[in-house]
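Take a look at the letters that make up each chain.
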Amino acid sequence: MAYECLNPRCPYYAGNNVRLENDQVYVDANHRVHCRRCQSFVRAAPAKPGAEKAVVGAAGGALLGWAVGGPPGALIGGVLGLLLGDNADKGNT
C-alpha cells in the first residue's frame, strides 16, 4: 500500500508527487500512520489515475474471449484486454 505525507515542509510531501511505501511509515499506539521522516500524519494514497481502463479492458477481453473460445479464450482475452487497457492508460495506443 502507498501513502502520502500531509506535511508541506517534508521532502516526501504528497504535493511533490512522492508516495511513501510501508517501510517509510510507522503506526503509533493509537493506530494512526505517520511519516518516518517528519512524523506527520499520512493518508492512504489514491489509486494512480487511469487504472480503470486496464481493469475494464481485462473484463471486456475476458467476456469476449469466453464467448469465442470458452474458458481458455477467457483467460487469453483477459490478458490481452489487460495489456491493451494498460497501454491505453499510458497513451501508447
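Report follows, based on the coordinates.

**What about the pattern of salt bridges?**
Tallying each qualifying case throughout the model produces 2 salt bridges. Where Arg32 meets Asp28, a salt bridge forms, and the shortest distance between an N and an O atom there is 3.5 Å.

**A few points about the nonpolar core**
Counting 8 residues, the largest nonpolar core is built from Tyr3, Cys5, Cys10, Leu20, Val25, Val33, Cys35 and Val42. Counting residues per element, the ones that place at least two in this core are β1 (3–5) and β3 (33–35). Excluding its chain neighbours within four sequence positions, the residues that come into contact with Leu20 are Met1, Ala2, Tyr3, Cys5, Tyr12, Val25, Cys35 and Val42.

**Some remarks on the environment of Pro11**
If you trace the backbone, Pro11 turns up in the loop between β1 and β2 (25–27). A residue is classified by how much of its surface remains accessible, and Pro11, at 41% relative accessible area, is partly exposed. The spacing of Pro11 and Cys38 is 27 residues in sequence and 8.8 Å in space, taken between C-alpha atoms. The contact partners of Pro11, leaving out residues within four places of it in the chain, are Asn16, Val18 and Arg37.

**Section: a nonpolar patch on the surface**
A cluster of nonpolar side chains, contributed by Leu75, Ile76, Val79, Leu80 and Leu83, occupies part of the molecular surface with about 490 Å² of accessible area. By the secondary structure assignment, Leu75 is in helix α1 (residues 51–90). The class of Leu75 is exposed, set by a relative accessible area of 61%.

**Describing the side chain of Asp28**
Mapped onto the elements of the fold, Asp28 is located in the loop between β2 and β3. Among the polar contacts made by the side chain of Asp28, one reaches the main-chain amide nitrogen of Asn30 at a distance of 3.0 Å. A polar contact is formed between the side chain of Asp28 and the side chain of His34, at a distance of 2.8 Å.

**Details of the state of the cysteines**
What we call a disulfide is simply a covalent bond connecting the sulfur atoms of a pair of cysteines. Here the structure, examined in full by the defined rule, presents 0 disulfides. Unpaired in this structure, Cys5 has its nearest cysteine sulfur neighbour in Cys38, at a distance of 3.6 Å. There is no disulfide at Cys10, and the cysteine sulfur nearest it, in Cys38, is 3.6 Å away.

**Side note on the environment of Leu20**
Following the sequence through the fold, Leu20 ends up in the loop between β1 and β2. Taking the relative accessible area as the measure of exposure, Leu20 reaches 0% and is therefore buried. Each C-alpha atom, one on Leu20 and one on Val42, is 8.8 Å from the other, the two residues being 22 residues apart in sequence.

**Side note on unusual backbone geometry**
In this model, His31 sits at a positive phi of 65 degrees, which is unusual for a non-glycine residue. Even without being glycine, Gln39 reaches a positive phi, approximately 65 degrees. On the secondary structure map, Gln39 appears in the loop between β3 and β4 (42–44). Judged by its relative accessible area of 46%, Gln39 is partly exposed.

Each value, and the rule that gives it
Residue positions are given per chain, counting from 1 as you read along its sequence in written order. pLDDT decides what is reported in this predicted model: residues at 70 or higher carry local features, side-chain atom pairs at 80 or more are listed and counted, and totals for whole chains, interfaces and linings draw on all residues regardless. Excluded from the side-chain calculation are hydrogens and water; included are all heavy atoms of the structure. By salt bridge we mean one thing: a side-chain nitrogen of Lys or Arg within 4 Å of a carboxyl oxygen of Asp or Glu. By nonpolar core we mean a set of buried residues, namely Ala, Val, Leu, Ile, Met, Phe, Trp, Tyr and Cys, connected to one another through side-chain atoms within 4.5 Å. Residue exposure (1.4 Å probe, protein chains only): buried if accessible area is under 20% of the type maximum, exposed if over 50%, otherwise partly exposed. Only runs of H or I of at least four residues qualify as helices and only runs of E of at least two qualify as strands under DSSP, and these elements are numbered from the N terminus. We call two residues in contact whenever any of their non-hydrogen atoms come within 4.5 Å of each other. Patches in this entry comprise residues that are over 30% relatively accessible and not in a salt bridge; like charges within 9 Å are linked, as are nonpolar side chains (Val, Leu, Ile, Met, Phe, Trp, Tyr) within 5 Å. Calculation of accessible area relied on Shrake-Rupley with a 1.4 Å probe; when residues are assessed, cover is drawn exclusively from the protein chains displayed. Pairs of N or O atoms are called polar contacts if they sit within 3.5 Å, as long as, within protein, a hydrogen donor faces a hydrogen acceptor (for residues adjacent in sequence, only side-chain-to-side-chain pairs). Here, the term disulfide refers to a pair of cysteine sulfur atoms separated by no more than 2.5 Å.

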